[in-house]
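Below are the chains, spelled out letter by letter.
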Amino acid sequence: MWDRGAKMNQRFIPPHGGYEQLASYRKALIIFQATYYLAAKWIRMGSRTRDQMEQSARSGKQNIVEASLASATSKQTEIHLTNVAKASLGELLEDYKDFLLLRGLPVWDKDSPRSQDIRRLARGTDGMGATFDTYRRHVESDDPEVVGNVMVCLCNQACFLLNRQIRQLEQAFLQEGGIRERMTRARVEAREAQASPAPVCPQCGKPMRQRTARQGPNAGKAFWGCAAYPDCRGVRDAAAPQVPPVPPVPPNSEEAQ
Ligand SMILES: [Zn+2]
């Protein structure tokens, strides 16, 4: 029985975690590291803005992690937390635009050569993807125009990646259904597999097949008919198969609403 349970689990709980491999997580991690460095360097200690920027950066990264961990049990939660991450990094994007605005500095056009140079860094030096070190020269620059714009670019990239991730999650949810739908499907399959094996024909000894009466007083009812029908007309009553009761979804589970 344990084996069957393990097999069912495999089927309705998809792989999860592995957030370290998500492009959005890697981007959010760079933003998190850069923001803590920049807040300390550029923004007055104890100011609300500094607090908020650090919180947004942390929330962006943290919610991507939590979404990934939740993916095992609830696609809805995963989608929700990914949306929270996007909102946090969207707020941070505004903060960095303000950082430039309040200093009278321009947000670089996204097609300008300087913006393109920064965007190219995303591939990383070895093609393995960027890390904080890839952007260190820009982040640690003493020119606030460079600092603000590299962060605007990073936040834009993170929001783009999260948008794509949310669309993919929604697509997967529509196609595969939530865990509840997958549990039901797995239960039905398990029940069918557990149903008693076919009996043999009382007249000829061949295995029997489950059939449904089409007419007569038993129309619509299931019965066992000989596999050799119409050569053999042996039948048996369809004894109710021994099916264990289906356990209900626990009432405190997130999906039981
Ligand atoms: Zn028969």
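Structure: above.
Residues numbered from 1 in each chain as written. Predicted model: local features only at pLDDT ≥ 70, side-chain atom pairs only at ≥ 80, totals over all residues.

A. Molecular detail of the overall build of the protein. Check the secondary structure of the protein and you find eight helices and three strands. Buried residues in the protein amount to 25% of all 257 residues. Summarising the internal contacts of the protein: among those between residues at least 6 apart in sequence, 64% fall at separations of at least 24. (Helix = DSSP H or I, 4+ residues; strand = E, 2+ residues; numbered from the N terminus. Buried ≥ 20, exposed ≤ 12 C-beta atoms within 10 Å, placed from the backbone. Contact = placed C-beta atoms within 7 Å.)

B. Main features of the packing of helix α6 (residues 132-139) against helix α7 (residues 144-176). Axis separation between α6 and α7 bottoms out at 9 Å; the angle between their running directions is 145°. Across from Tyr 135, His 138 and Val 139 in α6, the residues of α7 making contact are Val 146, Val 147 and Val 150. (Axes fitted to C-alpha atoms, helices over the stretch in contact; angles between N-to-C directions.)

C. Examining the sheet that holds strand β2 (residues 222-226) more closely. The three strands lie next to each other as β1-β2-β3, forming an open sheet whose pairing is antiparallel. Strands with a single pairing partner mark the edges of an open sheet, and in this sheet they are β1 (208-212) and β3 (235-237). The average undirected angle you get between the axes of adjacent strands in this sheet is 35°. (Pairing = 2+ DSSP bridges.)

D. Structural context of the environment of Ile 118. Examined against the element boundaries, Ile 118 turns out to sit in helix α5 (residues 113-120). Put simply, Ile 118 and Val 150 are 32 residues apart on the chain and 6.7 Å apart in space, counted from C-alpha to C-alpha. In this view, Ile 118 contacts His 138, Val 150 and Cys 153; residues no more than four positions away in its chain are not counted.

E. Representation of the packing of helix α2 (residues 23-42) against helix α3 (residues 48-70) within the structure. Interaxial distance between α2 and α3 falls to 9 Å at its minimum, and their mutual angle equals 160°. Judged by the angle between their axes, α2 and α3 are roughly antiparallel. Considering only the axes of α2 and α3, their crossing is left-handed. Where α2 approaches α3, its residues Ser 24, Tyr 25, Ala 28, Leu 29, Ile 31, Phe 32, Thr 35, Tyr 36 and Ala 39 are matched on the opposing element by Arg 50, Met 53, Glu 54, Ala 57, Arg 58, Gly 60, Lys 61, Ile 64 and Val 65. In the contact of α2 with α3, the residues fall into eleven nonpolar, three polar and four charged. (Parallel < 35°, antiparallel > 145°, perpendicular 65-115°, else oblique. Left-handed = near helix turned anticlockwise from the far one by under 90°. Nonpolar A, V, L, I, M, F, W, Y, C, P; charged D, E, K, R; others polar.)

F. Structural context of the environment of Gly 60. Structurally, the position occupied by Gly 60 is in helix α3. Once the C-alpha coordinates of Gly 60 and Asn 83 are considered, the two residues, 23 residues apart in sequence, prove to be 9.5 Å apart. Beyond its immediate stretch of four places on either side in the chain, Gly 60 contacts Ala 28, Ile 31, Ala 85, Ser 88, Leu 89, Leu 92 and Ala 158.

G. Broad picture of the nonpolar core. Of all hydrophobic cores here, the largest spans 35 residues; its most connected members are Ala 28, Ile 31, Leu 89, Cys 155 and Ala 158. Elements with a minimum of two residues in this core: α2, α3, α4 (75-101), α6 and α7. In terms of residue count, α7 provides more of this core than any other element does, eleven residues in total. The residues contacting Cys 155, other than those within four sequence positions of it, are Ile 31, Leu 89, Leu 92, Leu 93 and Tyr 96. (Core = buried A, V, L, I, M, F, W, Y, C linked by C-beta atoms within 7 Å.)

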